[in-house]
Amino acid sequence: MNISDKPLKNIIVLVSGGGTNLQALIDAQNNGQIIGGKISCVISSNPNAYALVRAKENGIPTRIIPRKLYKDNKSYSEAVLEALYEEYADLIVLAGFMTILDKSIVKAYPYKIINVHPALIPSFCGQGFYGLKVHEEALKYGVKISGATVHFVNEIADAGAIIMQKAVAVKNDDTPEKLQKRIMQEAEWKILPETVSLFCQDRIEINNGKAYIKDCLLYTSPSPRDTERSR
Ligand code: GAR
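Quick caveat: nothing in here was measured; it's all calculated off a predicted structure.

### As for the pattern of salt bridges
Now for step 1: Throughout the structure, instances matching the rule amount to 9 salt bridges.
Now for step 2: One salt bridge connects D202 with K6, and the closest N-O pair in it is separated by 2.9 Å. Within this pair, whereas D202 is found in the loop between α6 (176-200) and β8 (204-207), its partner K6 is found in the segment before β1 (9-15), the two being separated by 196 residues in sequence.
Now for step 3: Its relative accessible area of 31% is what places D202 among the partly exposed residues.
Now for step 4: Classification of K6 as partly exposed rests on a relative accessible area of 33%.
Now for step 5: Salt bridges here are not isolated pairs; linked through shared partners, they connect K6, K9 and D202.

This is the structure we're talking about:
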């Protein structure tokens, strides 16, 4: 069966903040770059997330499940899980979602939840590494290359199978804010929509707990020098 004959996969995007990664997905969808799926709902843990405005402006249904109303991750995850069932989720994308989900969700959706992390995993990742903190630690360490990773979510924070990574050069005068912005622009906003589209085309396969892109030799990270030259 051709991919265009299959029903579109329901992509549910989970957000907590500004939603620039959500915007990258919306832009890719509007440009016809998400093949085989559609963003069918955006769920926010934060009622004031600007990501909700982005969704509404693009006619995408939203749900708010405020993290603050739940006593722990377990009860919060139960509420999210119920919403995912109601939305007939085929793919769940954590796009700047700042809550660790309980293992019940991972169990219900194995290899169907992906996360974008703003560093090259296994560096600067795991519990406590999110948002600006990741870039502060990278600069503190003095790494010369950082980047972004899209990976499947498993029971351990940022430890699921890596699907795609892209490297970004660290500059001498970088601040956490500057580095964050460059990693978003050059890496996150590119590899997240690419991965979502590949997933929706059933082009990501799992072998021995590792993820591979089918029929593709090209998905390798360009070196930071290549990125510099193309600007
Ligand atoms: C992004 O940089 C994303 O990678 C990061 O938070 C930011 C959200 O921005 N996520 C994590 O750190 C998760 N560990 P956005 O709301 O503008 O997409």
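There's plenty left to go through after this.
### Points about the sheet that holds strand β5 (residues 113-117)
Now for step 1: The 7 strands lie next to each other as β3-β2-β1-β4-β5-β6-β7, forming an open sheet whose pairing is mixed. In this open sheet, the two strands that pair with only one neighbour each are β3 (62-64) and β7 (162-169). Shown here is a sheet whose adjacent strand axes are inclined to one another by a mean of 20 degrees, direction ignored.
Now for step 2: As judged from the 4 bridges shared by β5 and strand β6 (residues 145-152), these two strands associate in the antiparallel manner. Each residue of the ladder has a partner; that of H117, found in β6, is T149.

### What about helix α2 (residues 50-57)?
Now for step 1: When we look at burial in α2, the residues that qualify are A51, L52, R54 and A55. Taken around the axis of α2, the buried residues stretch over an arc of 160 degrees, which confines them to a single face. Structural note: α2 exposes K56 and E57 on the side pointing more than 90 degrees away from its buried face.
Now for step 2: Of the surrounding elements, those touching the buried residues of α2 are β1, α1 (20-30), β2 (37-44) and β3.
Now for step 3: Of the residues flanking the end of α2, it is G59, one or two places downstream, whose phi is positive at about 70 degrees.

Conventions used here
Residues numbered from 1 in each chain as written. Predicted model: local features only at pLDDT ≥ 70, side-chain atom pairs only at ≥ 80, totals over all residues. Heavy atoms only, no water. Salt bridge = Lys/Arg side-chain N within 4 Å of Asp/Glu carboxyl O. Helix = DSSP H or I, 4+ residues; strand = E, 2+ residues; numbered from the N terminus. Buried < 20%, exposed > 50% of the residue type's maximum accessible area, 1.4 Å probe, protein only. Pairing = 2+ DSSP bridges. Axes fitted to C-alpha atoms, helices over the stretch in contact; angles between N-to-C directions. Arc of directions from axis to C-beta. Contact = heavy atoms within 4.5 Å.

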